[in-house]
Amino acid sequence: MDWALFFSALISSTLLPGGSEALLLYRLNEGGDAVALVLVATAGNVAGSLMTYGMGRLGNEALHKKWLRMSGEQVARAERWFALYGKPALLFAWLPIVGDPLCLVAGLLRCAVPVFLLLVTLGKFARYALLALPFG
């Protein structure tokens, strides 16, 4: 298992900055197994999203502001997005800027864990699979 890729993807999926896509592409360019690398990156990225979801589920405003450094505006934006587009919006949890707050809001709004995992995993897997496609 490529632990560096796993943890890079995990960190990238929290509110901390990261670049798992660059590491995935590097590993693929080195000749790594595309299927295995996509699965590892997806698992790490979903684990990070699940952590953010858990923070939302267990958290409070002080936690969001102090630990996650999310402004009230960022949380409100994610809440509006989630209310407008509902659970299918979780397919886009991989998007920069809105993805992490979206996972946090899913936790705050008590989205069912199986639904959360299914939608987030599908979206994140699709993103990594598309990146890996040229490498076969």
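In case you missed it, the structure is sitting above this.
Residues numbered from 1 in each chain as written. Predicted model: local features only at pLDDT ≥ 70, side-chain atom pairs only at ≥ 80, totals over all residues. Heavy atoms only, no water.

**Q** Lay out the overall build of the protein with the relevant residues and their values.
**A** A count of helices and strands for the protein gives seven helices and zero strands. The secondary structure elements of the protein, listed N-terminal to C-terminal, are α-α-α-α-α-α-α. Residues classed as buried in the protein amount to 41% of the 136 residues present. Once local pairs closer than 6 in sequence are excluded, the contacts in the protein between residues at least 24 apart make up 75%. Put simply, the protein shows about 7300 Å² of open surface, and 69% of that area lies on carbon and sulfur atoms. (Helix = DSSP H or I, 4+ residues; strand = E, 2+ residues; numbered from the N terminus. Buried < 20%, exposed > 50% of the residue type's maximum accessible area, 1.4 Å probe, protein only. Contact = heavy atoms within 4.5 Å. Areas by Shrake-Rupley, 256 points an atom, 1.4 Å probe, with all protein chains shown as cover.)

**Q** Mind laying out the environment of Phe6, listing which residues take part and the relevant values?
**A** In this fold, Phe6 is placed in helix α1 (residues 3–12). Overall, Phe6 belongs to the buried group, its relative accessible area being 13%. Once the C-alpha coordinates of Phe6 and Leu23 are considered, the two residues, 17 residues apart in sequence, prove to be 9.9 Å apart. Apart from the residues lying within four places of it in its own chain, the contact partners of Phe6 are Met1, Val40, Ala43, Gly44 and Ala47.

**Q** Lay out a nonpolar patch on the surface in plain terms, naming residues and giving numbers.
**A** Side chains of Met1, Trp3, Phe7 and Ile11 sit close together on the surface and give an oily, nonpolar patch of about 460 Å² of accessible area. A relative accessible area of 49% means that Trp3 is categorised as partly exposed. (Patch = residues over 30% accessible without salt bridge, like charges linked within 9 Å, V, L, I, M, F, W, Y side chains within 5 Å. Salt bridge = Lys/Arg side-chain N within 4 Å of Asp/Glu carboxyl O.)

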